[in-house]
Every structure is written in structure tokens, then in C-alpha cells.
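Descriptive analysis of the structure
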Amino acid sequence: MKFRAGLGYDIHRLEAGRKLFLGGLEIPFPKGLHGHSDGDCLIHSMIDALLGAMGEGDIGQLFPDSEEKYKDIRSTELLKEVMARLDAKGMEIVNVDTVIVAEEPRLSPYILRMKELLSALLRVDKNNLGIKAKTNEGIGLIGEGKAIACWALVILGKREKKRGKKA
Ligand code: MG
């Protein structure tokens, strides 16, 4: 086994009166993503891609929304737990690519900060983390601004062993 690929998808409804968390950032907007956790569907899609590549089920199995301890939890905390599992398997991320589909807010001013925050959590160079935002061209529920959806693709490799000291 040299490389493993994983694919993740998530969609959350936008609701008035909730804070909007996306890509680990709090983004000023009158609506936020509905969810048991903070609703950060970009991180949720990354988590599902990571778990898929690791052969470990999905986010709902690992962090059930029936559990009170995950109520309103920041998704960055869930991602940290998944990265600890990845470490324990002796694996590391080669690269991640993602797409956010959101009619609003306009996300381009936040992409660089998302990359800085998430590349540190994922332990990859910023050049190995793609975050692309697009609208749904006004089509369907996403186009009407009722939901935000995200896709993530991840490639994992075996962690390289550190070189021993020369004799
Ligand atoms: Mg979700």
C-alpha cells in the first residue's frame, strides 16, 4: 500500500441566528450552518475524506450527534481527533483538495486564512491544500442561499521514517 484516496461530501442548512463557521473560521454573516456541532461542513467533508482513506467509516459513526459531548463542539476539535488517528496509523497527508459551494457570503476574502489555519491542523504545506469557493449559479436550494455544500478529496501516504543518526 503506497497511497490511499478518500472522498468526502457534506451539506448543511443555513439558519438565521446561528454563527457561521466554515473552514475553521467564524465568518460574519446573518445566518449560520445548522448542526449538532458548529456545522462546519468544509471540515466535515475533510473528516469524511480522511476517514474514507483510512478505511474507518464516517463522521457520524465516530462522533454521533446523539452524544451531548459533541453538542456545539468546534469541528476543528473533531479534526484534531481524526489527525491523531492518522498519526497512530503511521500515515500522513500528501494533499487535500476541496470545493465549497455557497451562494453567499462571498468567501474569497477568507480562503487564505482558512488555508493557514487548516494546513497547520492537517500538517501539510499550504500548497498541498486546495480550497476553492464557487456559487451554484442561483440554482436549487444552494443557489437560493438555503444551504452550503462541500466536497473534499484527500490522498494519504505512509509517513516517512526519520533518518537515524549516522554511526
Ligand atoms: Mg456535517
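Residues numbered from 1 in each chain as written. Predicted model: local features only at pLDDT ≥ 70, side-chain atom pairs only at ≥ 80, totals over all residues. Heavy atoms only, no water.

Core analysis: the biggest nonpolar cluster contains 46 residues, and L22, I93, I100, M114, L118 and L122 have the highest contact counts within it. If one sorts the elements of this core by residue count, helix α1 (residues 41–54) sits on top with 10 residues. The residues contacting L22, other than those within four sequence positions of it, are I27, L33, D40, C41, L42, I100, L107, M114 and C150. (Core = buried A, V, L, I, M, F, W, Y, C linked by side-chain atoms within 4.5 Å. Buried < 20%, exposed > 50% of the residue type's maximum accessible area, 1.4 Å probe, protein only. Helix = DSSP H or I, 4+ residues; strand = E, 2+ residues; numbered from the N terminus. Contact = heavy atoms within 4.5 Å.)

Considering only enclosed or pocket space, the largest pocket measures out at about 240 Å³ in volume. In terms of lining residues, the largest pocket is bounded by D10, H12, G35, H36, S37, H44, I59, G60, F63, D65, Y70 and L78. The set of elements that each furnish at least two residues to the lining of the largest pocket consists of β1 (3–16) and α2 (59–62). Split into classes, the residues belonging to the lining of the largest pocket amount to four nonpolar, six polar and two charged. (1 Å grid on protein atoms, 1.4 Å probe; cavity = no way out; pocket = protein on both sides within 12 Å on 5 of 7 lines; lining within 4 Å. Points joined across faces, edges and corners; volume = space filled by probe spheres on them. Nonpolar A, V, L, I, M, F, W, Y, C, P; charged D, E, K, R; others polar.)

Let us now look at the sheet that holds strand β4 (residues 31–33). Ordered by their spatial adjacency, five strands build an open sheet running β4-β1-β7-β5-β6, and the pairing between neighbours is mixed. Of all strands in the sheet, those bounded by a partner on one side alone are β4 and β6 (129–134). For this sheet, the mean inter-axis angle between neighbouring strands, taken without regard to orientation, is 20°. Relative to strand β7 (residues 147–158), β1 runs antiparallel, the two being bridged by 11 bridges. Counterpart to A5 in the pairing with β7 is I155. Taken strand by strand, α1 contacts β1, β4, β5 (91–101), β6 and β7, and its axis lies near 155° from that of β1. Against the sheet, helix α3 (residues 75–88) contacts β5 and β7, and its axis sits at roughly 150° relative to β5. (Pairing = 2+ DSSP bridges. Axes fitted to C-alpha atoms, helices over the stretch in contact; angles between N-to-C directions.)

The quantities given are spatial measurements derived from coordinates; they are silent on function.
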